[in-house]
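Residue-level structure breakdown
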Amino acid sequence: MAALTKILILGGTGEGMALARALIDLPGLEIVSSLAGRVANPKLPPGAVRIGGFGGATGLAAYLRDQGITAIVDATHPFARRMGWNAAEAANLVGLPLLRLERPAWSPVAGDRWVEVDDWAQAAAILQRGARRVFLALGRQELAPFANLTGIHLVIRSVEPPDAALHFADAEIVLARGPFKLEDERALLTSRSIDHLVCKNSGGSATDAKLQAARERGVTVVMQRRPPRPDTSRVADVDAAIAWVRAL
Ligand SMILES: NC(=O)c1ccc[n+]([C@@H]2O[C@H](COP(=O)([O-])OP(=O)(O)OC[C@H]3O[C@@H](n4cnc5c(N)ncnc54)[C@H](OP(=O)(O)O)[C@@H]3O)[C@@H](O)[C@H]2O)c1
């Protein structure tokens, strides 16, 4: 018997994985998870999985029609700049319901010293004006704007090594993958005498310990704001996304 509802989950996040796990056994429901294909050996969600871009919004619309998709959940990362816009356009073209599942952003609390920026060029300019010892908690593809800083010691933490073509005058590379413990974040900031931390507002609890450690030490946080998203139905957690799917 054909599934009554066929959901496309645009994933690549913990939320996308958790939603696929939660929906896989619901009767009358078929799910397909989509990954961009950036990671060599990705952890695969249960159920059908497709990997790679669709070819823009029109390619996605064609895929939705071909596969008989009846609803879309955009669970891509808050800093995935393009996919949400493509999903909104394709859902509109095909006439499908679309839900955005996005974990809440972090907000500054008492004691925080945040400077919010829209891009890394702004962050680099702020650092050049007043920083001496900087912790960059960024992805390896995001480091180029910081390569020309002078008179600043950089501690770069990323999952994979920076591009060999990038030259940093004074940098230490720390290869590590979250989640990170508070005591380890405290130790890193203290042992390197960090005065500025640079990160993006990913939200969630896996990587927020660095913010508490920065607060305790009076470290300035240069925080990249989230990019804009289309105005669609939106929920903040997987349980609310399950409720949306059940109500379809
Ligand atoms: N950016 C981050 O910081 C970050 C962090 C953790 C995980 N991720 C995950 O990594 C993926 C790529 O991130 P990004 O920043 O490159 O996104 P992006 O800027 O929004 O997407 C760029 C292009 O990659 C393809 N794409 C993105 N997500 C896809 C998906 N789930 N399934 C199929 N194609 C997808 C689309 O290609 P077409 O136009 O050809 O369809 C899209 O136009 C996303 O799925 C995201 O959830 C990103």
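**Structural notes on the site of the ligand**
Around the ligand, a shell composed of 22 residues is seen, among which S34, R38, F54, R82 and M83 lie nearest. S34 places a side-chain nitrogen or oxygen 2.7 Å from a nitrogen atom of the ligand. R38 has a polar side-chain atom sitting 2.8 Å from an oxygen atom of the ligand. Contact with the protein chains hides 75% of the accessible area of the ligand, taken as 800 Å² for the molecule alone. When residues of the shell around the ligand are traced back to their parent elements, those giving at least two are β2 (29–35) and α3 (83–94).

**Concerning the pairing of strand β10 (residues 196–200)**
Across the five residues of β10, five count as buried, placing the element largely inside the fold. Here β10 shows two buried faces, one formed by H196, V198 and K200 and the other by L197 and C199. Strand direction decides the pairing type here: strand β7 (residues 133–137) and β10, joined by three bridges, are parallel. Residue V134 lies in a different strand from β10, and its bridge partner there is H196. Here β10 pairs with strand β11 (residues 220–224) via five bridges, running parallel. Within β11, the position partnered with K200 by the bridge is Q224. In this fold, β10 hands off to helix α6 (residues 209–217), which returns the chain to β11; that crossover is right-handed.

**Digging into helix α1 (residues 14–23)**
Listing the buried residues of α1 in full gives E15, G16, M17, L19, A20 and L23. On its buried face, α1 sits against β1 (5–10), β2, β4 (71–74), β5 (98–101) and α7 (238–246).

**What about the domain arrangement of the chain?**
Taken as a whole, the chain is organised into domain 1 (5–104 + 228–246) and domain 2 (114–224). Using C-alpha coordinates to define each centre, domain 1 is positioned 31 Å away from domain 2. Across the contact, six residues belong to domain 1 and seven residues belong to domain 2. Both faces considered, domain 1 and domain 2 share a buried interface measuring about 460 Å² in area, 51% of it formed by carbon and sulfur atoms. There are one residue pair in polar contact (both at pLDDT 80 or more) connecting domain 1 and domain 2. Class assignment for the residues of the side of domain 1 that touches domain 2 results in three nonpolar, one polar and two charged.

**Observations regarding the sheet that holds strand β3 (residues 48–51)**
A sheet is described by the order of its strands in space; here six strands give the open sequence β3-β2-β1-β4-β5-β12, paired in parallel fashion. Of all strands in the sheet, those with a lone pairing partner are β3 and β12 (233–235), marking the two edges. Each neighbouring strand pair of the sheet contributes to a mean axis angle of 25°, computed without reference to strand direction. As judged from the four bridges shared by β1 and β4, these two strands associate in the parallel manner. Paired with I9 across the two strands is V73, which belongs to β4. Along the sheet, helix α2 (residues 56–67) contacts β1, β2, β3 and β4; its crossing angle with β1, the most-contacted strand, is approximately 150°.

**What about the pattern of salt bridges?**
By the definition in use, this model includes 14 salt bridges. Taking the shortest distance from any N to any O, the salt bridge between R100 and D74 comes out at 3.2 Å. Of this pair, R100 sits in strand β5 while D74 is found in strand β4, placing the two residues 26 residues apart along the sequence. In this structure, D118 engages R225 in a salt bridge whose closest nitrogen and oxygen atoms are separated by 3.0 Å. Remark: R225 occurs in the loop between β11 and β12 and D118 occurs in the loop between β6 (114–117) and α4 (120–130); sequence separation between them is 107 residues. Taking relative accessible area as the criterion, R225 reaches 34% and is therefore assigned partly exposed. Three or more residues joined by partner-sharing salt bridges are found here, namely D74, R100, E102, R226, R229 and R234.

Definitions and cut-offs
- Residues numbered from 1 in each chain as written.
- Predicted model: local features only at pLDDT ≥ 70, side-chain atom pairs only at ≥ 80, totals over all residues.
- Heavy atoms only, no water.
- Near = heavy atom within 4 Å.
- Polar contact = N/O pair within 3.5 Å; in protein donor to acceptor, adjacent residues only side chain to side chain.
- Areas by Shrake-Rupley, 256 points an atom, 1.4 Å probe, with all protein chains shown as cover.
- Helix = DSSP H or I, 4+ residues; strand = E, 2+ residues; numbered from the N terminus.
- Buried < 20%, exposed > 50% of the residue type's maximum accessible area, 1.4 Å probe, protein only.
- Pairing = 2+ DSSP bridges.
- Right-handed = clockwise from strand over helix to strand, strands pointing away.
- Contact = heavy atoms within 4.5 Å.
- Domains from an automatic or database assignment.
- Buried area = accessible area lost by both parts, 1.4 Å probe.
- Nonpolar A, V, L, I, M, F, W, Y, C, P; charged D, E, K, R; others polar.
- Axes fitted to C-alpha atoms, helices over the stretch in contact; angles between N-to-C directions.
- Salt bridge = Lys/Arg side-chain N within 4 Å of Asp/Glu carboxyl O.

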